[in-house]
Amino acid sequence: MVYNYVTMKYKKTIIFFLFLSIIYWFFFFQAEKIQTLSTFPWMQANIQDVVWYEEKNLDFEEINIISNSWENINGLYLSGTKNETVYYFHWNGWPLPYFYSEIKYIHDLWYSVFAFDYPWYGKSTWMPEIEKVWEFSKDFFEYIKKEKNIQNEHLIIWWYSVGTAVAVDFASKNDFLKIVLVSPFASRYDMWKRWFFNIPPQKLFFMENSYITSEVVKNFSKPALIIHGNNDFIVPFSQWKQVFENYAWEKSFIEIDDYGHNWIIDNYGGILKNIFTQFISDNPLDFQYMILNQEKIQLLQQENQKKEQELSFFSQDFLTDNSVTKYVSPENSFQKIDYEPDDLVKISSEYLQDVKGNQTLRQGAKTYLDILAKDFHKTFWVPLKVISAYRSYVYQVGIKSWGCSDIFCAKAGYSEHQTWLAFDMFEASTESEFLQKEDLRKYFSWMQQNAYRYGFNNSYQKWKQIDWYAVEPWHWRYVGIDFATYLWEKNISFWEFYNNYILKK
Ligand SMILES: [Zn+2]
């Protein structure tokens, strides 16, 4: 009787625990699989996706290779013109074709790029178990490295979200140049514990932590750029902190204000373009922490515009004789040594005093010189005195034969005056003589402040590299308003621009 009573009393409890234990054992045996498939939610490519992205005109080479354990690895390679090659690890949920826009983005920055699909994704086979994923990333890299002749010292590792999991293994075992981490997570424990009262459920099933980015990066000794949205609910923003703080080397962080997890590159790639390029190809970034909010976006937009304008200067024509930015120096003569332009006009006008009476300049230069002279006159109530404008080839041969030294008179065919875009103002034979006169000093200082607005640049400036010509405050050369403004803002001479930026490119 007593026995029965006890049985009845605990029967429900026993059944309950029995039930719990069945559930536990079910999950115990499935835990590894659940973890794998939740890290890499299943999604295989269907043909429609691929067709859709093919319309994006991404002209890549599709690669299928057989892994060490006889599985198919599907991936792609795109050749770029820069030295660096990016190994891109995509995020989960979708197969590779979904990330063509990100791959294209990297390729549009002129880098070579390659990427593979994780096991069970797209056309790749098997299951995304930790060892298999590692094997795929290694085998695919070794194949590309050999086929495309890639050096580890030019290798950029770029991972996004779950790509972290895959790339972190790879990066810990292979040398590379730099690393880009977009929305990285700290570890698998960290990804799960926030749903279970801060205890990783893996512990219940005696599973060790894995993909521990926050630990592995302690051993990295290459620069990193980390990017994370501060409104990310998939990989909480706090996780970057562990990764960032533990990262043992040079690092920069971009916090994207009020943004979540996906499509960061699609949405912010344009604005971050120069930052990526600078990080990958040039100097270390000049910030450690940047908050990308509306205000910063505007600032970056302005900077990007400037940069684009700068690039347009880089592609200007410095060689053709009649180019407004023709570069002339003791080493750079005219292509046609006795070049003479065909758009010459007489320079004398109301506000311009031509001391020789018959001098000419090219039409464009003369137009702007007139406006300059008018404003000059408004300020000083004297006309702008032009001592010497053009010097034809024949004229230069003449003055050289009278014995004018090389630092004052260029060799025939090597003078800026032969562009018919330059002029010398007021009389003086040396810089100190020129600047001793109070009025000339004032004129010069006005020109220094204003001439660029009319497209003129002082070619031979003090404290700047100017070949081995003497400093000439009187010598001004028309180069166009945009370029003159650019030189003025940068505070560099034409020589410095040409030799430091153009020749070294
Ligand atoms: Zn001159």
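Relevant structure appears above.
Residues numbered from 1 in each chain as written. Predicted model: local features only at pLDDT ≥ 70, side-chain atom pairs only at ≥ 80, totals over all residues.

### Comments concerning the overall build of the chain
Short version of the rule: Secondary structure elements are defined from DSSP: runs of H or I of at least 4 residues count as helices, runs of E of at least 2 residues count as strands, and each element is numbered from the N terminus. Exposed residues have 12 or fewer other C-beta atoms within 10 Å of their own C-beta, buried residues have 20 or more, and residues in between are partly exposed; the C-beta atoms are placed from the backbone. With C-beta atoms placed from the backbone, a contact is any residue pair whose C-beta atoms sit within 7 Å.
The number of helices and strands found in the chain is 16 helices and 16 strands. Along the longest, intermediate and shortest principal axes, the C-alpha atoms of the chain span 135 × 45 × 40 Å. Classification of the 505 residues of the chain by burial places 35% in the buried group. In the chain, the proportion of contacts linking residues at least 24 apart, taken out of those at least 6 apart, comes to 71%.

### Observations regarding the pairing of strand E2 (residues 72-78)
As a reminder, the rule being used: Here, any two strands with at least 2 DSSP bridges between them count as paired.
The buried fraction of E2 is high, at six of seven residues. Pairing of strand E1 (residues 61-66) with E2 involves six bridges; the strand directions are antiparallel. From the neighbouring strand, glutamate 62 faces E2, where its bridge partner is leucine 76. Connecting the antiparallel pair E1 and E2 is a turn made up of five residues, with tryptophan 70 showing a positive phi of about 65°. Taken together, the four bridges between E2 and strand E4 (residues 112-116) define a ladder with antiparallel strand orientation. Within E4, the residue paired with leucine 78 across the bridge is valine 113.

### A closer look at the sheet that holds E2
Here is the rule we go by: Here, axes are lines fitted to C-alpha atoms. For helices the fit covers the stretch in contact, and angles between N-to-C directions go from 0 to 180 degrees.
In spatial order, the strands read E1-E2-E4-E3-E5-E6-E7-E8-E9; together these nine strands make up an open sheet with mixed pairing. Edge positions in the sheet fall to E1 and strand E9 (289-292), since each of these pairs with one other strand and no more. Going from strand to strand, the sheet's axes swing by 20° on average, the running direction of each strand aside. Relative to E4, strand E3 (residues 85-89) runs parallel, the two being bridged by three bridges. Bridge pairing links tyrosine 87 to phenylalanine 114 in E4. Across the face of the sheet, helix H3 (residues 100-108) comes into contact with E2, E3, E4 and strand E5 (155-160) while running at roughly 160° to E4.

### Comments concerning unusual backbone geometry
Positive phi, close to 70°, is recorded for asparagine 198, a residue that is not glycine. Position of asparagine 198 among the secondary structure elements: in the loop between helix H6 (188-193) and helix H7 (213-216).

### Remarks on the environment of arginine 477
Tracing the chain through its elements places arginine 477 in strand E16 (residues 475-478). As for arginine 477 and threonine 419, which are separated by 58 residues in sequence, their C-alpha atoms are 9.0 Å apart. Each residue touching arginine 477, except ones within four places of it in the same chain, is listed here: Glu416, Leu421, Ala422, Phe456, Asn457 and Ser459.

### Topic: the environment of threonine 325
The topology assignment puts threonine 325 in the loop between helix H10 (294-314) and strand E10 (344-346). Here threonine 325 falls in the buried class, since 21 other C-beta atoms lie within 10 Å of it. Once the C-alpha coordinates of threonine 325 and tyrosine 478 are considered, the two residues, 153 residues apart in sequence, prove to be 8.4 Å apart. Residues contacting threonine 325, with those up to four places away along its chain left out, are Gln316, Asp317, Phe318, Val479, Gly480 and Phe483.

### Observations concerning the packing of helix H4 (residues 130-148) against helix H5 (residues 163-173)
Cut-off, in case you're wondering: An angle counts as roughly parallel when it lies under 35 degrees, as roughly antiparallel when it exceeds 145, as roughly perpendicular when it falls between 65 and 115, and as oblique in every other case. In a left-handed crossing the near helix is turned counterclockwise from the far helix by less than a right angle, and in a right-handed crossing that turn is clockwise. Three classes are used, and their members are as follows: Ala, Val, Leu, Ile, Met, Phe, Trp, Tyr, Cys and Pro are nonpolar, Asp, Glu, Lys and Arg are charged, and the others, Gly among them, are polar.
Between H4 and H5, whose axes approach to 9 Å, the crossing angle comes to 60°. Accordingly, the angle class assigned to the pair H4 and H5 is oblique. Viewed along their axes, H4 and H5 form a crossing whose handedness is right-handed. In this structure, H4 uses Val133, Trp134, Ser137 and Lys138 to contact H5, whose residues at the interface are Val166, Asp169 and Phe170. Taken together, the residues that form the contact of H4 with H5 break down as four nonpolar, one polar and two charged.

### Side note on the packing of helix H9 (residues 264-281) against H10
In a packed pair of helices, the relevant descriptors are the angle between the two axes and the axis-to-axis distance. Where H9 meets H10, the closest approach of the two axes is 9 Å, and the angle between their N-to-C directions is 60°. Our classification of the angle between H9 and H10 gives oblique. Where H9 crosses over H10, the two elements pack in a sense that is left-handed. Contacts between H9 and H10 involve Ile271, Lys273 and Asn274 on the former and, on the latter, Ile297, Leu300, Gln301, Glu303, Asn304 and Lys307. Among the residues making up the contact of H9 with H10, the classes are represented as three nonpolar, three polar and three charged.

### What about helix H14 (residues 438-450)?
Our working rule: Expected span of a helix: the number of residues minus one, times 1.5 Å. The arc refers to the directions leading from the helix axis to the C-beta atoms.
The end-to-end C-alpha separation of H14 is 18 Å, in line with the 18 Å expected for 13 residues at 1.5 Å each. Taken residue by residue, H14 has Tyr443, Phe444 and Met447 as its buried positions. Angular distribution of buried residues about the axis of H14 spans 100°; they occupy a single face of the element. Within H14, the exposed residues directed more than 90 degrees away from the buried face are Glu438, Lys442, Ser445 and Gln449. Lining the buried residues of H14 we find helix H11 (363-380), helix H13 (431-436), strand E15 (456-458) and E16.

### Quick notes on the pairing of strand E14 (residues 422-425)
Here strand E13 (residues 384-388) runs beside E14; their pairing, made up of two bridges, is antiparallel. Its bridge partner being in E14, serine 388 is matched across the sheet by aspartate 424. Here E14 runs beside E16; their pairing, made up of three bridges, is antiparallel. In the strand pairing of E16, aspartate 424 is matched with histidine 475.

That's the geometry; what it means functionally is another story.
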